[in-house]
There are 2 protein chains.
Amino acid sequence: MEIKEKVYTDKQERVAKYSKALGHPVRVFIMDFLVKNADKCCYSGDMAEELPIARSTLSQHLKELKEAGLIQGEINPPYIKYCINKTGWSEAKELLVTFFNR
Amino acid sequence: MEIKEKVYTDKQERVAKYSKALGHPVRVFIMDFLVKNADKCCYSGDMAEELPIARSTLSQHLKELKEAGLIQGEINPPYIKYCINKTGWSEAKELLVTFFNR
DNA sequence: TATTTGTTTCGTAATTAGACGAAATACAAA
DNA sequence: TTTGTATTTCGTCTAATTACGAAACAAATA
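Note that the coordinates shown come from a computational prediction; the quantities given were computed from them, not determined experimentally.

Participant: It is not clear to me how the relation of the copies chain A and chain B should be interpreted in this structure. Could you clarify?
Facilitator: Mapping between the two copies of the chain is achieved by a rotation about an axis and a shift along the axis. Mapping chain A onto chain B calls for a screw motion: a turn of 180° about the axis and a shift of 0.0 Å along it, with 0.0 Å RMSD after fitting. Viewed as a symmetry operation, the transformation between the two copies matches a two-fold axis. Identified as the residue of chain A closest to the rotation axis by C-alpha distance is A:Ser19, at 2.3 Å. Both copies share a contact surface, since 100% of the interface residues of chain A are interface residues in chain B too.

See the structure below:
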């Protein structure tokens, strides 16, 4: 088990991860939408109505945001309520703001 | 000439553009490096020494950051001095900070 | 003029992302 | 039990990203 030398700091990798997740206008739109409606949580269909993409494509974008830890979905079939993942969201905020303020 | 309905706001598109540019650890490393050495500007070779990637690959990442408007290169053959593009950098900062603070 | 030097561009290959429609899923209601 | 509904997963396609080494570049120097 060799110890690999670390090139990028943990912070750099997390900044990259969150940035990548936000690197598409659909995903920025989703985050905006969820922040704006933070009180009520949202269904995939609510967003689908405002987006010019197939529902399956939206679903993929939601999955990516979920995997990055920025949102979470609460299953409530046949609906799925989406909302901001507060932990990930505030970590991303903290990291990015620190990244820019130096 | 039909007028296409706009789905994403200009801000959303710019947030996505800058985020995408920062969506790779090498590029986050480069920005960190340039901010840290903002006084002296930097050569590609300075960064290449600290990165485990081919110089041509680094060059590609530099190009992406340049195209996103986050850095600029001043040619000074055979060197190229890189530094932060203050305009783009502060726009990105403004956009991202606003994006997270709402 | 030929060489050296730091960097980029080119050509190529492998992987990942983004998009769609069709099919699957999981529960509610009829 | 069948039907309906909202959403996801699957299969597939195309395009973009990431990576490399070789070749090209542009100016300084021998």
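Participant: Would you take a moment to explain the environment of B:Met31 for this structure?
Facilitator: You can see B:Met31 is positioned in helix α2 (residues 25-36). C-alpha of B:Met31 to C-alpha of B:Ser59: the two residues are 28 residues apart in sequence and 14 Å apart in space. Excluding anything up to four places from it in sequence, B:Met31 contacts A:Phe99, B:Leu22, B:Leu65, B:Leu70, B:Ile71, B:Ile84 and B:Trp89.

Participant: Mind showing me how you'd approach the sheet that holds strand β3 (residues 79-84) of chain B here?
Facilitator: Across a sheet, paired strands are connected by hydrogen bonds in the backbone, their directions being either parallel or antiparallel. All names here are of chain B. Here three strands make up an open sheet; going across it, the order is β1-β3-β2 and the pairing antiparallel. For this open sheet the edge positions go to β1 (42-43) and β2 (71-76), each flanked by a neighbour on one side alone. Here α2 sits on the sheet in contact with β1, β2 and β3, set at roughly 90° to β3.

Participant: For this particular structure, what's the right way to read the protein's contact with DNA strand C?
Facilitator: Of all residues adjacent to DNA strand C, which total 21 residues, the nearest are A:Lys20, A:Ala54, A:His61, B:Gly45 and B:Tyr82. Backbone atoms, meaning sugar plus phosphate, form 66% of the atoms of DNA strand C positioned within 4 Å of the protein. In this structure, A:Arg27 approaches DNA strand C through a side-chain N or O atom, which is 3.0 Å from a phosphate oxygen. Take A:Gln60: an N or O atom from its side chain is 3.4 Å from a base nitrogen of DNA strand C. Within the residue set of the surface near DNA strand C, elements represented by two or more residues are α4 (55-67) of chain A together with α3 (44-48), α4 (55-67) and β3 of chain B. Residue contributions to the surface near DNA strand C peak at five residues, all from α4(A).

Participant: Whenever I open this one, the protein's contact with DNA strand D confuses me. Can you help?
Facilitator: In the vicinity of DNA strand D lie 21 residues, with A:Gly45, A:Tyr82, B:Lys20, B:Ala54 and B:His61 positioned nearest. Among atoms of DNA strand D positioned within 4 Å of the protein, sugar and phosphate together represent 67%. Here A:Gly45 contributes a backbone N or O atom positioned 2.8 Å from a phosphate oxygen of DNA strand D. Residue B:Ser56 places a side-chain N or O atom 3.1 Å away from a base oxygen belonging to DNA strand D. Broken down by secondary-structure element, the contributors of at least two residues to the surface near DNA strand D are α3 (44-48), α4 and β3 (79-84) of chain A together with α4 of chain B. Grouping the amino acids of the surface near DNA strand D by side-chain chemistry returns eight nonpolar, nine polar and four charged.

Rules used in this analysis
Residues numbered from 1 in each chain as written. Chains lettered and ligands numbered in written order. Predicted model: local features only at pLDDT ≥ 70, side-chain atom pairs only at ≥ 80, totals over all residues. Heavy atoms only, no water. Least-squares fit on C-alpha atoms with pLDDT ≥ 70 in both. Contact = heavy atoms within 4.5 Å. Helix = DSSP H or I, 4+ residues; strand = E, 2+ residues; numbered from the N terminus. Pairing = 2+ DSSP bridges. Axes fitted to C-alpha atoms, helices over the stretch in contact; angles between N-to-C directions. Near = heavy atom within 4 Å. Polar contact = N/O pair within 3.5 Å; in protein donor to acceptor, adjacent residues only side chain to side chain. Nonpolar A, V, L, I, M, F, W, Y, C, P; charged D, E, K, R; others polar.

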